[in-house]
Amino acid sequence: SHMPSTPIANIVSLSDVMTTENNIPQPSGDVHLDILRNIFQHENFRGIQRRVIDVVTTNKDALAVIPTGGGKSMCYWIPGLSSTGITVVITPLMALINDQVSKLRSYGINVCCVNSSMTPEERDIIFHELTDKESPYKFFYLTPEFAMSPPATACFQAMSENKTLLRFVIDEAHCVDTWGQSFRPSYAQLSTLKQFNRPTVAFTGTATNQTKQRIVEKLGLVQPVILQSTCNRGNLVFRVINKSGPHAKEDVVKHVQENFLNVCGIVYCFSTKDTVELAYIFKSKGVSCVYYHGQLDYFERTDNARAWLSGKAQVICATSAFGMGIDKPDVRFVIHLSLPRSLEEYYQEAGRAGRDGNTSYCILMFRFEDRNKLIQLIYKSTSEDHMEFQTHSLNRVVSYCMSSICRRKLILEYFDDGFDINCNGSCDNCLTTPPLPKDYTMETINTCICLEEMLAVHAKINVKQLALTFKGSKSKRDIEAKGFHLIPHYGIGKNAFKNDADSIKFVQHLIINEVLMENIRAVDDRFTTTFITLGKKANLVRNREIQMFLRL
Ligand code: ADP
Ligand code: MG
Ligand code: ZN
């Protein structure tokens, strides 16, 4: 499946090839800009592209953080074309490889790849061609698993001896992060590529300072130059919509029909089952729609993705298996039907909207109770030491949803992005005046005392029981049935909140601030119970070491 195409020996000859009689590009005296214009037909560099290209061409190790759609590929395509030698690109998915390979071939660039749909013999032919001193290839794409295989090691060794190995590029480098959700074990071994003594350049879309540090460590980058563009995407509008438990799917379909007529978008769902059900509802309302999840076989997956990419389907209902590296410029909305597991994941997924720079919407459907489903997943699938980290990441997402300050600011703060940005009313919170922060330290301490007293009466307390006992509501039958109205601090927060709902919201805030902890136990496969205990910050507040300022 590898069609040799015109080799590109150097740029001068290529600009000649690209020249047509009535459209003669003027050489700008700037090799990189010439490549951008003459080969890729883009007028100018975007954001920090030029800076990254300058660093990459000096053969230093580097890590570049550029948001989704920011044009990361160009940052190694151009340096790869302006030098002799082959760029080895490691990228996590076959779909991404195919996409990049066909794009480069469409520009007449000679590129090859190995993948799992080839036979070992076919792969050996490619490896062999690459070790040729006169190999015509400019780029070689493969997954980290293949990169770690013995034939690849032998191939890299030979290339490095021939001096035809220009550099390694690690795309989607956040996959090295064992603490992150898109962790791929083979990524963690990529530092062994350093044995070939070539520069390594890593790219990722979004990364906190912590993630950046882990990427540098795991890849063994040597004195890397770190290049970071602002994460801010001015054309994205952020919104959080309160989600109804039972009608959430119908609400999403209605929202799309009312707001996004005939424009294309993604709806991220919690489960495989949700993607199928939601797609069914879309279709029943006459909206063309496909679904996508990890359990589909390869052909179904690519068929569905293709239907959406080509615009034949307006909406794709997907799990987070969908989207890494998907380059569709005109995605006008990304809706999350359920909570993502971290703000990093959220921004990666939501950031697939509006790559063309036009206004696009990132909507998160929020229900506090959805947090439980994810906590449960974390409990099931995570080792002890990652549990706290992942719970904390999830709490940041919930706190993003429950906050009344600018959503853009919350996201950029999370990514340690110090840029002073102006939201210009392009998030829901900036359209209303936020409530002033108020000191809730006293209420917090009293809630903790209330909880301790309740725990003396009954072992398992839920959010609602605590909120209503604190508020002094007898309206719920189990308050009296369980004897909570008899505890000394019953109703101590009578005047703190105007109604039960606000009191419940307050308790939820204490959970995401880790003053209280929500424990989750599976009863069986389908049912779980939750109960509250004091969290790790409870004593800090009670000892007045920290205050609780909240905007409710
Ligand atoms: P990323 O990997 O950062 O998500 P891509 O490399 O897939 O982004 O590029 C996203 C889109 O931006 C592509 O369609 C690409 O052709 C386009 N692009 C890249 N650089 C430029 C540029 N300088 N000017 C205009 N479009 C560009
Ligand atoms: Mg990319
Ligand atoms: Zn805002």
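Up top you'll find the structure we're talking about.
Nothing here was measured: the structure is a model prediction, and the numbers come from that model.

## Section: the coordination of the zinc ion (ligand 3)
1) Next: For the zinc ion (ligand 3), every protein donor is listed as C406 (SG), C423 (SG), C427 (SG) and C430 (SG), and the spread of their distances is 2.3 to 2.4 Å.
2) Next: Here the zinc ion (ligand 3) binds four donor atoms, and the angle range of 102 to 116° at the metal identifies the geometry as tetrahedral.
3) Next: Between the donor residues of the zinc ion (ligand 3), the gaps in sequence give the motif C-x16-C-x3-C-x2-C.
4) Next: Overall, C423 belongs to the buried group, its relative accessible area being 6%.
5) Next: According to the relative accessible area criterion, C430 is partly exposed, its value standing at 34%.

## As for the sheet that holds strand β7 (residues 225-228)
1) Next: On the basis of which strands lie adjacent, the open sheet formed by seven strands has the order β3-β4-β2-β5-β6-β1-β7 and parallel pairing. In this open sheet, the two strands that pair with only one neighbour each are β3 (111-113) and β7. Between one strand axis and the next, the sheet turns through 20° on average, direction left out of account.
2) Next: Summarising the sheet, strand β5 (residues 165-170) and strand β6 (residues 200-204) pair through three bridges and their orientation is parallel. Residue I170 lies in a different strand from β6, and its bridge partner there is A202.
3) Next: Against the sheet, helix α8 (residues 150-162) touches β2 (86-90), β4 (139-142) and β5, its axis set at about 135° to β5.

## A closer look at the pattern of salt bridges
Opposite charge on two side chains allows them to pair when their charged atoms are near.
1) Next: A complete count under the given rule lists 24 salt bridges for this structure.
2) Next: K243 is the partner of D370 in a salt bridge, and the nearest nitrogen-oxygen pair spans 2.7 Å. Of this pair, D370 sits in helix α14 (residues 370-381) while K243 sits in the loop between β8 (236-242) and α10 (248-259), and the two are 127 residues apart along the sequence.
3) Next: For K243, a relative accessible area of 14% gives the class buried.
4) Next: Of the charged contacts, one joins D274 and K249 as a salt bridge, the two residues approaching to 3.2 Å between their closest N and O atoms. Taken as a pair, D274 in helix α11 (residues 272-284) and K249 in helix α10 lie far apart in primary sequence, 25 residues in all.
5) Next: You can call D274 buried: its relative accessible area is 12%.

## Re the environment of R37
1) Next: If you trace the backbone, R37 turns up in helix α2 (residues 31-38).
2) Next: Accessibility expressed as a relative area gives 27% for R37, which makes it partly exposed.
3) Next: Those residues in contact with R37 that lie beyond four places of it in its chain are S28, H42, E43 and N44.

## Some words on the nonpolar core
1) Next: If you look at the biggest cluster of nonpolar residues, it comprises 77 residues, and the most contacted ones within it are W308, F322, L339, F366, Y400, L466 and L516.
2) Next: Counting residues in hydrophobic clusters, the runner-up holds 70 residues, among them I66, Y137, A152 and L221.

## Details of the packing of aromatic side chains
1) Next: Applying the stated criterion to the full structure yields 21 aromatic pairs.
2) Next: Among the aromatic residues, those joined into a ring-pair cluster are F238, Y347, Y414 and F415.
3) Next: Looking at K328, its charged tip hangs above the ring of W308, at a distance of 5.5 Å from the centre.
4) Next: Geometry around F270 places K373 over its ring, the cationic atom sitting 4.5 Å from the centre.

## Digging into the state of the cysteines
1) Next: Applying the stated criterion across every chain yields a total of zero disulfides.
2) Next: Left unpaired, C264 is separated from the closest cysteine sulfur, that of C289, by 11 Å.
3) Next: Residue class for C264 comes out buried when judged on its relative accessible area of 9%.

## Observations regarding the sheet that holds strand β12 (residues 331-336)
1) Next: The parallel open sheet is built from six strands, whose spatial order is β8-β13-β12-β9-β11-β10. Each having just a single partner strand, β8 and β10 (289-292) make up the two edges of the open sheet. Ignoring which end each strand starts from, the neighbouring axes of this sheet average 15° apart.
2) Next: Sheet topology note: the strand β9 (residues 264-268)/β12 ladder contains five bridges and is parallel. Bridging from a neighbouring strand, Y268 pairs with H336 of β12.
3) Next: Across the sheet, α11 is in contact with β9, β10 and β11 (315-318); its angle to β10 comes to roughly 175°.
4) Next: Along the sheet, helix α12 (residues 298-309) makes contact with β9, β10, β11 and β12, crossing β10 at roughly 140°.

## Comments concerning the site of ligand 1
1) Next: Taken together, 15 residues lie around ligand 1, and N44, Q49, G69, K72 and S73 are the ones closest in.
2) Next: In the environment of ligand 1, an oxygen atom lies 3.0 Å from a nitrogen or oxygen atom belonging to the side chain of D327.
3) Next: Bound to the protein, ligand 1 loses 81% of the 580 Å² it would expose on its own.
4) Next: Taken together, the residues of the shell around ligand 1 break down into three nonpolar, eight polar and four charged.

## Focus on α8
1) Next: For α8, which comprises 13 residues, the first-to-last C-alpha distance of 18 Å matches the rise-based estimate of 18 Å (1.5 Å per residue) to within 8%.
2) Next: Listed as buried for α8 are A152, C155, F156, M159, S160 and N162. Along the axis of α8, the buried residues cluster in a sector spanning 160°; they form a single face. Pointing more than 90 degrees away from the buried face of α8 are the exposed residues P150 and E161.
3) Next: Of the surrounding secondary structure, the elements contacted by the buried residues of α8 are β2, α6 (120-130), β4, α7 (144-147) and β5.

## As for the environment of T131
1) Next: You can see T131 is positioned in the loop between α6 and β4.
2) Next: Residues T131 and N519, spaced 388 residues apart in sequence, show a C-alpha to C-alpha distance of 57 Å.
3) Next: Leaving out residues up to four positions away in the same chain, T131 has contacts with C155, A158 and N162.
4) Next: A polar side-chain atom of T131 sits 2.6 Å from the main-chain carbonyl oxygen of H128.

How each quantity is defined
Residues numbered from 1 in each chain as written. Chains lettered and ligands numbered in written order. Predicted model: local features only at pLDDT ≥ 70, side-chain atom pairs only at ≥ 80, totals over all residues. Heavy atoms only, no water. Donors = N, O, S within 2.8 Å, 3.2 Å for Na, K, Ca; no water. Tetrahedral: all angles 85-135°; square planar, octahedral: opposite > 155°, others 65-115°. Buried < 20%, exposed > 50% of the residue type's maximum accessible area, 1.4 Å probe, protein only. Pairing = 2+ DSSP bridges. Helix = DSSP H or I, 4+ residues; strand = E, 2+ residues; numbered from the N terminus. Axes fitted to C-alpha atoms, helices over the stretch in contact; angles between N-to-C directions. Contact = heavy atoms within 4.5 Å. Salt bridge = Lys/Arg side-chain N within 4 Å of Asp/Glu carboxyl O. Core = buried A, V, L, I, M, F, W, Y, C linked by side-chain atoms within 4.5 Å. Phe/Tyr/Trp six-rings, centres within 6.5 Å; stacked < 30°, edge-to-face > 60°. Lys NZ or Arg CZ within 6 Å of the ring centre and 35° of its normal. Disulfide = S-S within 2.5 Å. Near = heavy atom within 4 Å. Polar contact = N/O pair within 3.5 Å; in protein donor to acceptor, adjacent residues only side chain to side chain. Areas by Shrake-Rupley, 256 points an atom, 1.4 Å probe, with all protein chains shown as cover. Nonpolar A, V, L, I, M, F, W, Y, C, P; charged D, E, K, R; others polar. Expected span 1.5 Å × (residues − 1). Arc of directions from axis to C-beta.

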